[in-house]
Amino acid sequence: MTQRFIMVGAGFSGAVVARKLAEAGHACTVVDARDHVAGNCHTARDADTGVMVHTYGPHIFHTGDDEVWDYVRKFGEFAPYKNRVKSTHKGAVYTLPVNLHTMNQFFGTALRPDEMRAHVATLTADIPEPESFEEQALAFVGPDLYAAFFKGYTEKQWGTSPANLPASILKRLPLRFNYDDNYFAHPHQGMPVDGYTALVENILDHPLITVRLNTVFDPATAGDWDHVFWSGPLDGFFGYDIGRLGYRTLDFEEFRAIGDWQGCAVMNHPDPEVPFTRITEHKHFAPWESHEKSVLYREYARACEPGDTPYYPIRLVAEKALLSDYVERAKTVSNVTFMGRLGTYRYLDMDVTIREALDTADAFLAAQAAGTPA
Ligand code: FAD
Ligand code: UDP
């Protein structure tokens, strides 16, 4: 008998699992509450300006996973794209991630790499195993660079002191003693020429996949399906009945301009007196296109309330305790796989999301073939 499989969420998680199962001969239904596919990676061409807008914030594809890189390029053309972020602090513009240029500008020096290493070593704190973001920053760059580029930005982004946040958040960023201002270190980096939504539509374009948009899946109906692949919020599956996992949400204040308003795609604003964290000028994500007009977003972070879009999971002590309760419950639901950014309550880049979705589908198919439950 044909089995009934449903993917809740048409982001990369749901789309990639559906595609693998469809290619193995299984019919899949993919639903999303939104009116578009691609989840938070959604891009849409603005009707007035023609600019491809990253609706839920800037998304740059980067990976060290050759298989994932080959996978995405089967479904859409990628143009080379390097993320070169700038930061405005006290009326001066610096390059990120913090590199030799940033430091020479900031200190008013012209030091060479070894000289700058030696200089920074006189500034940093000796903290053998930094636990908090603040400790990591003090051990990494010292107090002045921390205050200029990280403290204010992080307080705005996370709504708490960096002393309360884990060091792992800052460990996402490199510190470079050369002039390399590529934000990411991965060997494969690019931007889908037709946007992420066209890419995900191509992944979902299979005769055995049915997509239903504007469709909210009710977890109470999970028993109607042979298997549910849930990429919605983990706590949402259980009706938030033992509490809500904390998220930061983002508000985007859109404005328009003629020509080139800021000269780059992403300008960070770390100073505490500026209420937003960064400004994104979307047309710079597609430098191969030419548009006279421009669409920009000022980005503000705040606590996520019921009904808001959850963006960044806040994994502090209280959330981790609640998370482990939900994870234990999730293990008892035999016909549901929890996956993706929201389903596992982790910050996942797109490439990791795709890697995990491919692995999830492979494990499921292997279990099916072996006649054992996934
Ligand atoms: P999502 O994209 O969140 O998709 C989940 C979908 O499930 C949503 O569309 C939602 O509507 C739907 N859904 C939830 N509940 C239900 C329900 N009950 N019924 C129906 N549908 C439901 N990664 C990078 O690699 N590079 C970047 O530059 C980058 N930038 C980012 C910037 C921001 C601001 C953020 C927040 C994330 C960024 N990411 C980036 C991460 C990237 O967005 C995620 O890796 C990716 O979106 C995860 O895909 P997903 O399918 O797991 O989740
Ligand atoms: N960060 C900062 N200043 C910056 C950029 C980043 O303090 O100019 C901090 C901030 O806390 C952020 C973290 O470093 O959450 C990781 O940065 P990343 O660019 O990876 O942020 P994300 O992609 O999560 O928005």
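Please read all numbers here as calculations on a predicted model, not as lab measurements.

K.L.:
Could you give an account of the site of ligand 1, with specific residues and numbers?
P.N.:
With respect to spatial proximity, 31 residues lie near ligand 1, and among them Gly9, Gly11, Gly39, Gly232 and Gly340 are the closest. Of all the secondary-structure elements, those providing two or more residues to the shell around ligand 1 are helix H1 (12-23), helix H11 (340-343) and helix H12 (350-370). Tallied by class, residues from the shell around ligand 1 come to 14 nonpolar, 12 polar and five charged.

K.L.:
Before we move on, can you summarise the sheet that holds strand E6 (residues 78-80) with the specific residues and values?
P.N.:
Strand order in the open sheet formed by three strands is E5-E9-E6, with antiparallel pairing between adjacent strands. Looking at which strands have only one partner, the edges of the open sheet turn out to be strand E5 (61-63) and E6. Neighbour-to-neighbour, the strand axes of this sheet turn through a mean angle of 40 degrees, independent of strand direction. Pairing of E5 with strand E9 (residues 188-192) involves three bridges; the strand directions are antiparallel. Its bridge partner lying in E9, Phe61 is registered against Gly190.

K.L.:
Describe the site of ligand 2, listing the residues and the values that go with them.
P.N.:
Taken together, 13 residues surround ligand 2, and among them Phe150, Tyr153, Thr154, Arg172 and Asn268 come closest. The element that contributes the greatest number of residues to the shell around ligand 2 is helix H6 (residues 143-158), accounting for five residues. By residue class, the composition of the shell around ligand 2 is eight nonpolar, four polar and one charged.

K.L.:
Describe the packing of H1 against helix H8 (residues 195-204), listing the residues and the values that go with them.
P.N.:
Packing of H1 against H8 brings their axes to within 8 Å, and their N-to-C directions diverge by 30 degrees. When the axes of H1 and H8 are compared, the pair comes out roughly parallel. Here H1 and H8 pass one another in a crossing that is left-handed. Seen from H1, the contacting residues are Phe12, Ala15, Val16, Ala18 and Arg19; seen from H8, they are Val200, Ile203 and Leu204. Each residue belonging to the contact of H1 with H8 can be placed in one class, and the counts come to seven nonpolar, no polar and one charged.

K.L.:
Describe the sheet that holds strand E8 (residues 92-95), naming the residues involved and giving the relevant values.
P.N.:
Sheet architecture is open: seven strands sit in the order E8-E7-E13-E14-E15-E12-E16, paired in mixed fashion. A single partner strand is all that each edge strand has here, and the edge strands are E8 and strand E16 (312-313). Across three bridges, the pairing between strand E13 (residues 266-268) and strand E14 (residues 278-281) is antiparallel. The residue of E14 that forms the bridge with Asn268 is Arg278. Strand contacts of H6: strand E7 (86-89), strand E12 (247-258), E13 and strand E15 (293-303), with the helix running at about 95 degrees to E7, the strand carrying the most contacts.

Conventions we followed
Residues numbered from 1 in each chain as written. Chains lettered and ligands numbered in written order. Predicted model: local features only at pLDDT ≥ 70, side-chain atom pairs only at ≥ 80, totals over all residues. Near = placed C-beta within 6 Å. Helix = DSSP H or I, 4+ residues; strand = E, 2+ residues; numbered from the N terminus. Nonpolar A, V, L, I, M, F, W, Y, C, P; charged D, E, K, R; others polar. Pairing = 2+ DSSP bridges. Axes fitted to C-alpha atoms, helices over the stretch in contact; angles between N-to-C directions. Parallel < 35°, antiparallel > 145°, perpendicular 65-115°, else oblique. Left-handed = near helix turned anticlockwise from the far one by under 90°. Contact = placed C-beta atoms within 7 Å.

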